[in-house]
Amino acid sequence: MSDGKLVCDVWLAVLDAVPAPAAISAFWNWKENGVLDFVPEADRLWIGRTDAMAEYPFPGSAGGVGDLLFLVGTLPEYTTPQITDELIERLTTAFTATADPTLPAISVTEFVAFLVANEGRYLLDTDSPVGTDRWDEPAP
């Protein structure tokens, strides 16, 4: 885009098991390796839009969550973070701390409810430029 922005829709997706190490490494490096291809609709949640070109801490609520999940999922090794009380707290802080009224996002209540309902499962995020939704769902 000519205005220096790259607005993307961001989704969370939960898995019942950790993918193979090679698959999770490829996921975090390229996000196009099929790890999330068969996640059912009930196991994913659109959380908002981010400006993928913005620098932290101004990527919007969804971008703040994506940034944190990338760090948790890649350091010190590639992994799929398990949803725990601690992770829910960290993600909620990131979601609220990076809010931007110009970037739409779900409510913090809906965000936390999804995480709590899936506690114990494994969490990944994915994004796609607006108009090219990963799961062909219309964004709000």
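All of the points below concern the structure found in this document.

So, how was this worked out
Residues numbered from 1 in each chain as written. Predicted model: local features only at pLDDT ≥ 70, side-chain atom pairs only at ≥ 80, totals over all residues. Heavy atoms only, no water. Phe/Tyr/Trp six-rings, centres within 6.5 Å; stacked < 30°, edge-to-face > 60°. Helix = DSSP H or I, 4+ residues; strand = E, 2+ residues; numbered from the N terminus. Buried < 20%, exposed > 50% of the residue type's maximum accessible area, 1.4 Å probe, protein only. Patch = residues over 30% accessible without salt bridge, like charges linked within 9 Å, V, L, I, M, F, W, Y side chains within 5 Å. Areas by Shrake-Rupley, 256 points an atom, 1.4 Å probe, with all protein chains shown as cover. Salt bridge = Lys/Arg side-chain N within 4 Å of Asp/Glu carboxyl O. Polar contact = N/O pair within 3.5 Å; in protein donor to acceptor, adjacent residues only side chain to side chain. Core = buried A, V, L, I, M, F, W, Y, C linked by side-chain atoms within 4.5 Å. Contact = heavy atoms within 4.5 Å.

1. Quick look at the packing of aromatic side chains
Applying the stated rule across the entire model yields three aromatic pairs. Summarising the aromatic geometry, the rings of F27 and W28 are spaced 5.0 Å apart at their centres and angled 75° between planes, so their arrangement reads as edge-to-face. Their ring planes at 10° and their centres at 4.4 Å tell us that F95 and F111 sit as a pair that is stacked. Pair noted here: F95 is in helix α3 (residues 85–97) and F111 is in helix α4 (residues 108–117), with a separation of 16 residues, a long-range link. Exposure class is identical for F95 and F111. Each is buried. Counting every residue linked through ring pairs, the aromatic cluster contains F27, W28 and F70.

2. Considerations on a nonpolar patch on the surface
A surface patch of nonpolar side chains, about 300 Å² in accessible area, is lined by F70, L71 and L75. Here L71 is to be found in helix α2 (residues 60–74).

3. Regarding the side chain of D9
Position of D9 among the secondary structure elements: in strand β1 (residues 7–15). Overall, D9 belongs to the buried group, its relative accessible area being 0%. Of note is the side chain of D9, whose polar atom sits 2.8 Å from the side chain of R49.

4. Re the nonpolar core
Core analysis: the largest hydrophobic core is formed by 33 residues, its most contacted members being L12, I47, L91, F111, L115 and L123. Counting only elements with at least two residues in this core, the list comes to β1, α1 (21–30), β2 (44–51), α2, α3, α4 and β3 (122–129). Leaving out residues up to four positions away in the same chain, L115 has contacts with L12, I83, I88, L91 and L123.

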